[in-house]
Each structure stands twice: as C-alpha cells, then as structure tokens.
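Below are the chains, spelled out letter by letter.
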Amino acid sequence: MVSLTFLGATGTVTGSRYLVDAHGTRILVDAGLFQGLKELRLRNWAPFPVPVGSLAAVILTHAHIDHTGFLPRLVRGGFDGPTYVTPPTSRLLQAVLPDAAHLQEEEARFATKVGSSKHAPALPLFTVHDAQEALGTLKGVPFGQRLTLRPGIEFTFHRQGHILGAAAVELRIKVGGGDHITIYFSGDVGRYDVPILKEPEPYPGSTFLVVESTYGDRLHDPGDPREQLTEVITEAIERKGVILVPAFAIDRTQELLYLLRELVEDEAIAPLPIFLDSPMGREATEAYRSCVQEHDAEMRELVRGGVDPLVPPNLEIIGRVDESKRLNTISGPAIIISASGMATGGRILHHLRHRLPDPSTTVVFVGFQAEGTRGRRILDGEREVKIFGEMVPVAAQVRSISSLSAHADADELTIWAGEPTRAPSTVFVTHGEPAASRALADRFAARFGWRCLLPSLEETVTL
Ligand SMILES: [Zn+2]
C-alpha cells in the first residue's frame, strides 16, 4: 500500500512537507517551516504526526526555508538521516540552516526579554547546534541520477530553475505484478527566459502529480524588469532618495546584481552606489558563481569573456553589523539590497525602521509577499507597520517589480506541465493561497482534462 499525507503547504505557500508511506517505508519530501500568520507559525511547534525516528529518508527539493527549515527540528527530535539534496542545495544549506537557527535563537532571546513566552527563558524552535547536526545528514545526489532508497523505491531529481539547485522529485515505487507508480513533486517551478540559471525541465508525466500554485491565479507583469528597474532607479535618483530592496538572499539578490550590472553597462542608469547588506546574500552569490554547471549559456559566455556577471560597478559588500548600521547615515541616491525578502527578519528591518518615514525613500519589492508578513502589509499600503515592537509610519514610495519573481506564473506553470508523455491520473494542487490553488486546478482541468484535487492539511490519500 502506498499513501501520501499532506503535512503542509495546503491553503498556504509555506510549510511544504509531504509524507509518503510506501509499503511501510516512510519518506518525507520537503521539511519546510510554516511562515507568515501566527496560526501558521504555531504549527512548527506541533508534534510530528509519526515517530520522527521512523522516517527512512528526507528528500528536499530546494534550499528555501519553507521547504527545508523544519529539518533541524526533525533532527532534534531524533531523525538521523539520510537527507537527500542536489549538491548546489547542499552548498546553500550550509548558510541557510545555521542562519535560520540563529534567527530562532534571537527570537527566543527577544521573547524572553519582553516576556512574551510562557517559557522562561523562551525556547528556540531549534538551535545552531541542531542546524549543524542537520547539515551532517545531507547527502548530495546529482540531477538526473536515479537513486535506490529501498528495493522497489527509487527517486530522481530534475532541474527546476527557481533557485540554484532547485529540483522536482520523481519518486518511483514498485506495486504488485511488476508494475510501478510514480509521484512527481514539482517543488517550486522556476521561470523561462531569466538570466543566470538553466531553465526548468518540462514535466515528463507520472501517475500522480503534486504541483505548486503560488501564482496559480496570476500572470506576472509582462513588462521587462530591466525597464521597470530603470524607471524606479531614475525616479529615485531625481529625488536623491535611497532605494531599499528587501530581497530574498538566494536568487532574487543574484538576479538583481546581474540586472544592475547590465543596466550600468548599457548606460540605462547612472553608476550609483550599491550596497549588498546581507551575509547570506553574499554566501549565496558565491555559490551561484561557483556552481558553473548550473549556469545558462549567456552566463557561461560572460564568464568566458572575463566578466563577473554578478558584480555591478560600485558594489560594496557589507559585512559586520556596525557597518550595516552605518548605512543609516548615507544619503541617496543609492541602493541597499538586504534580506529578508518579506521583511520578516534580518538586517532589512533596521533599514526599514530608519527609512520608511522618509518620503524620499523607495521600497522596491522583487518577490512574493506572503499573507501576514510585514512585506505584504507595506505592499498593501498600510500607513504604519510594527518593527522591533514600535509603530513606524510609512511615508516612503512603495513599488513592486513582479516581473522579477522566481516563481512560474499561471501561464508558465501550464507550459511546464503541458506536454507530458503520460497524463497524471490525479493532480494534487498545493503551495498556494486558496484562490490561487483553485484557479490552477480549474485551469488544468479545463485545459488538459486532468482530475485536480486541493488536499487539506493532514489529509491522507491512498494511491
Ligand atoms: Zn522556493
């Protein structure tokens, strides 16, 4: 008997966790943290529904914390591996997991200080030590290589664009009579015609498909991000303002650096000072630079020509916290790129606290802003937002360049899924807010005639 239980990413974009039970062998595909609304975040503390020690393996699609950040918690609870990842994902996780743990420890210290926890001292979800232990369970498996987990249970990673190392997971399980079924987990689907990384491999077909739907009800702004960036930067230069970009440290940051270099080289914008104020952004940029086998043709061409595609002129990389704070004294025009991308933590917070009240500032969002996050509130036009416990008025200009997303939109998801050699018997639409998942399910049903279901939290289906 084979069953699939949805332990997260149902009705929300975070907490991706899919439990497969294949004839008694338990495999967890993705081990993500819930983020955003408090009711979601509390789920990170709920007991895991099966004994953690009974997991035969964890397979992670990519390094984003909403797909991997629960791994240290599993390890803390007794899971000792293996955790399968692509080699570039392993590289990114060396920075991602300790950073996430550090944030958890910091939050716990803050909760202790203000007395907002029922525990004294407040407990972190996991510690830096747990994160280090989790890194010890990682095993790299290259794209396209089939790995046998147990006799009759195999999996393969397929390139998915999105971010460095991102994969879809094809799980192949033997059933009676020499037959087998395949479950294809899309992970997060990337985009076509974006710089730096190779494109997503098309969905090849499977018995079952689990597909993300972050932008299932939307199309990205068809505009050219280069033109939109040029417009925003030119306006800010006229106002002599600082441009604050809350950017996901992985991928958005590298794509921004790439585009800014291009714009300066093409003389579309003046070479203004650019500060990368994100230790993780710096680490991720190193990983992007060194994983040359993931580069697309254009990127390879640039590198061969002696260009560093991820370094625009006038780039300064900020290291220590005091250097980061010193950026509060600079005046525009300048660009500060800092994480986190949804303004839920990290150094961007002190920049926002300092600059949101200033009408010469432009805050530019370049990625998805989940419900309940500070980024979403600012983008939705709230007049003040809470940062470090105090209300900060929003007088800054707020812009969004949605054409810069790392996620496929509804059309791109349709292209990705559109020509399988074998149609899925059932599609489980996950990793989206309810309207987005519903829209993608309706679209796939209408376009391809596929049976599409929206699983609910902790629902188990027998395959
Ligand atoms: Zn992702």
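These figures come from a predicted structure and were not determined experimentally. (Residues numbered from 1 in each chain as written. Predicted model: local features only at pLDDT ≥ 70, side-chain atom pairs only at ≥ 80, totals over all residues.)

1. A short note on the sheet that holds strand S3 (residues 25-31)
Inference 1: Spatially, seven strands are ordered S6-S5-S4-S3-S2-S1-S22 in an open sheet, and the strand pairing comes out mixed. Two strands lie at the open edges of the sheet, namely strand S6 (138-140) and strand S22 (460-462), each paired on one side alone. On average, each strand axis in the sheet is inclined to that of its neighbour by 25°, with strand direction left out of account.
Inference 2: Here strand S1 (residues 2-6) runs beside S22; their pairing, made up of three bridges, is antiparallel. Within S22, the residue paired with Ser3 across the bridge is Thr462.
Inference 3: Together, strand S5 (83-85) and S6 form the strand contacts of helix H4 (residues 87-114), whose direction differs from that of S6 by roughly 145°. (Pairing = 2+ DSSP bridges. Helix = DSSP H or I, 4+ residues; strand = E, 2+ residues; numbered from the N terminus. Axes fitted to C-alpha atoms, helices over the stretch in contact; angles between N-to-C directions. Contact = placed C-beta atoms within 7 Å.)

2. A closer look at the sheet that holds strand S19 (residues 397-400)
Inference 1: Strand order in this open sheet of six strands is S14-S13-S15-S12-S16-S19, and the pairing throughout is parallel. The open sheet has two edge strands, strand S14 (315-317) and S19, and neither has a second partner. Geometrically, the sheet is characterised by an average inter-axis angle of 20° between neighbouring strands, direction not taken into account.
Inference 2: Across two bridges, strand S12 (residues 242-246) lies against strand S16 (residues 362-365) in parallel orientation. Bridged to Leu244 within S16 is Val363.

3. Looking at the domain arrangement of the chain
Inference 1: Along its sequence, the chain is carved into domain 1 (2-218 + 406-462) and domain 2 (225-404).
Inference 2: Between the C-alpha centres of domain 1 and domain 2 the distance comes to 27 Å.
Inference 3: Taken together, the contacts link 24 residues of domain 1 with 26 residues of domain 2.
Inference 4: By residue class, the composition of the side of domain 1 that touches domain 2 is 15 nonpolar, five polar and four charged. (Domains from an automatic or database assignment. Nonpolar A, V, L, I, M, F, W, Y, C, P; charged D, E, K, R; others polar.)

4. A word on helix H13 (residues 410-417)
Inference 1: For H13, the complete set of buried residues consists of Ala410, Glu412, Leu413, Trp416 and Ala417. Taken down its axis, H13 places every buried residue within 165° of arc, on the same side.
Inference 2: Where the residues of H13 are buried, they touch strand S11 (208-212) and helix H14 (434-448). (Buried ≥ 20, exposed ≤ 12 C-beta atoms within 10 Å, placed from the backbone. Arc of directions from axis to C-beta.)

5. What about the packing of H13 against H14?
Inference 1: Closest axis-to-axis distance for the H13/H14 pair is 11 Å, and the angle between their directions is 45°. Here H13 is positioned oblique relative to H14, judged by the angle of their axes. Along this stretch, H13 crosses H14, giving a crossing that reads as right-handed. The residues of H14 that touch H13, namely those facing Ala410, Leu413, Thr414 and Ala417, are Ala439, Leu440, Arg443, Phe444 and Arg447.
Inference 2: Its residues assigned to classes, the contact of H13 with H14 shows six nonpolar, one polar and two charged. (Parallel < 35°, antiparallel > 145°, perpendicular 65-115°, else oblique. Left-handed = near helix turned anticlockwise from the far one by under 90°.)

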